[in-house]
Amino acid sequence: SSNTALTNVTFRSNSAGNQGGGMYNEEDNPTLTNVTFSSNIATYDGGGMANGNNNPTLTNVTFSDNSAGYFGGGMYNGNSSLTLTNVTFGNNSAGSLGGGMANWSGSSAQIRNTILWDNTAANAAQIYNDNFTSGSSVLSESVVQGGCPEGSTCTNIITTDPMLGALGNYGGFTQTIPLLAGSSAVDTGNDTVCPATDQRGVIRPQGAHCDIGAYEAVPTYYTATFNANGGEGTMAPQSA
């Protein structure tokens, strides 16, 4: 019941014999901003993060390469109500259900401007919603592999490849997953809910609209130099 607030934090290569390889919250309402969960392991549920009886708020958070033996490779939720804004789930895995996220026992999730891609599980690879309770997830302006997850309500879902790069140091305090050229997540976010900066502190938006996920891609422009005598010129890339 501590209402934990964490900013610019990394949970990496931790393990738990039961739930919450990286972080476990019970009757707490944590606020996480600019946080990365990577390579954490839970024997049962919630490889990266597990929540019970609480209301977490996550903004600019990355879940990468976390795993759970049963449910929720990236995140497991039991009787919890979550708000996720500009979150990236990539390459998380669960042995049974919900490679990216598992919502159980009446849990609900408001998911906005979020990427769920390349997560794996025996069933419901991206998001699992417990159909035997009131649990559900509401997704909007998000990139979801395979489309709207069963038991979810979806608006403006993108199903084309977000072209995720490798987790690494691309600026800021925490590792992030970049958006590569041709990403479906670039300029397709909802500006009304986008945070002012991305997980690295890069100002949003960099293009016509903010990007979906925790990473805001910076466009590359080119400057042309021409020979005064009419010869061939050169093109040099310049960051925005």
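Above this text you will find the structure in question.
Described below are features of the structure shown in this document.

Rules of the game
The residue count restarts for each chain, going from 1 along the sequence in the order it is written. Reporting in this predicted model follows two pLDDT cut-offs: at least 70 for local features of residues, and 80 or more for side-chain atom pairs to be given and counted; totals over whole chains, interfaces and linings ignore these cut-offs and use all residues. Water and hydrogen atoms play no part in the side-chain values, which are based on all heavy atoms of the structure. Any two strands are treated as partners once DSSP identifies two or more bridges connecting them. To qualify as a helix, a DSSP run of H or I must reach at least 4 residues; to qualify as a strand, a run of E must reach at least 2; elements of each kind are numbered from the N terminus. To get an axis, fit a line to the C-alpha atoms, keeping to the stretch in contact for a helix; angles then go from 0 to 180 degrees between the N-to-C directions. Exposure is judged per residue with a 1.4 Å probe applied to protein chains only, and the accessible area is read against the type maximum: over 50% gives exposed, under 20% gives buried, and values in between give partly exposed. What makes two residues a contact is simply this: any of their non-hydrogen atoms within 4.5 Å. For the purposes of these results, a polar contact is taken to be a pair of N or O atoms within 3.5 Å, where, inside protein, one atom must be able to donate a hydrogen and its partner to accept one; residues adjacent in sequence count only when each atom of the pair is a side-chain atom.

Taking strand neighbours across the sheet as the criterion, the five strands line up as β3-β6-β9-β12-β16 in an open arrangement whose pairing is parallel. Whereas interior strands pair on both sides, the edge strands pair on one side only; in this sheet they are β3 (23–26) and β16 (127–129). Across the sheet, the axes of successive neighbouring strands diverge by a mean angle of 5°, strand direction being ignored. Here β3 runs beside strand β6 (residues 49–52); their pairing, made up of four bridges, is parallel. The residue of β6 that forms the bridge with Met-23 is Met-49.

This paragraph deals with the sheet that holds strand β2 (residues 15–16). With respect to topology, five strands assemble into an open sheet ordered β2-β5-β8-β11-β15, the strand pairing being parallel. Single-partner strands in this sheet number two, and they are β2 and β15 (120–123). The sheet contact formed by β2 and strand β5 (residues 41–42) spans two bridges and is parallel. Across the sheet, residue Ala-16 finds its bridge partner in β5, namely Ala-42.

Looking at the element boundaries, Phe-89 is found in strand β10 (residues 81–90). On the basis of relative accessible area, Phe-89 is assigned to the buried category, the value being 0%. Taking the C-alpha atoms as reference points, Phe-89 and Val-144, separated by 55 residues in sequence, lie 9.7 Å from one another. If we skip the residues at most four places from it in the chain, Phe-89 touches Phe-63, Met-75, Leu-84, Gly-100, Met-101, Thr-114, Ile-115, Leu-116, Trp-117 and Asn-119.

As a further point, take the environment of Ile-111. Following the sequence through the fold, Ile-111 ends up in strand β13 (residues 108–112). Ignoring any residue separated from it by four or fewer positions in sequence, one finds Ile-111 in contact with Leu-84, Met-101, Ile-127, Ser-137, Val-138, Leu-139, Ser-140 and Ser-142.

The next thing to look at is the side chain of Ser-142. Along the polypeptide, Ser-142 turns up in strand β17 (residues 136–144). In this structure, Ser-142 is in contact with Ile-111, Arg-112, Asn-113, Thr-114, Asn-156, Ile-157, Ile-158 and Ile-212, ignoring residues within four places of it in sequence.

In this structure, strand β9 (residues 75–78) lies alongside strand β12 (residues 101–104), joined through four bridges in parallel fashion. The residue of β12 that forms the bridge with Gly-78 is Trp-104. Sheet topology places β12 next to β16; three bridges connect them, and they run parallel. Each residue of the ladder has a partner; that of Met-101, found in β16, is Ile-127.

Summarising the element assignment, Asn-129 is placed in strand β16. Take Asn-129: its relative accessible area is 1%, and that puts it in the buried class. There is a polar contact of 3.0 Å between the side chain of Asn-129 and the backbone oxygen of Glu-150. Of note is the side chain of Asn-129, whose polar atom sits 2.8 Å from the side chain of Ser-152.

Turning our eyes to something else, we now look at unusual backbone geometry. Each neighbour pair has its own omega, and for Arg-204 with Pro-205 the value is -10°, a cis peptide bond. Relative to the helices and strands, Pro-205 resides in the loop between β18 (152–158) and β19 (220–225). Even without a glycine there, the phi angle at Asn-79 is positive, about 50°. Here Asn-79 lies in the loop between β9 and β10. Backbone geometry places Met-163, a non-glycine residue, at a positive phi of 55°. Of note, Met-163 is situated in the loop between β18 and β19. A residue is classified by how much of its surface remains accessible, and Met-163, at 31% relative accessible area, is partly exposed.

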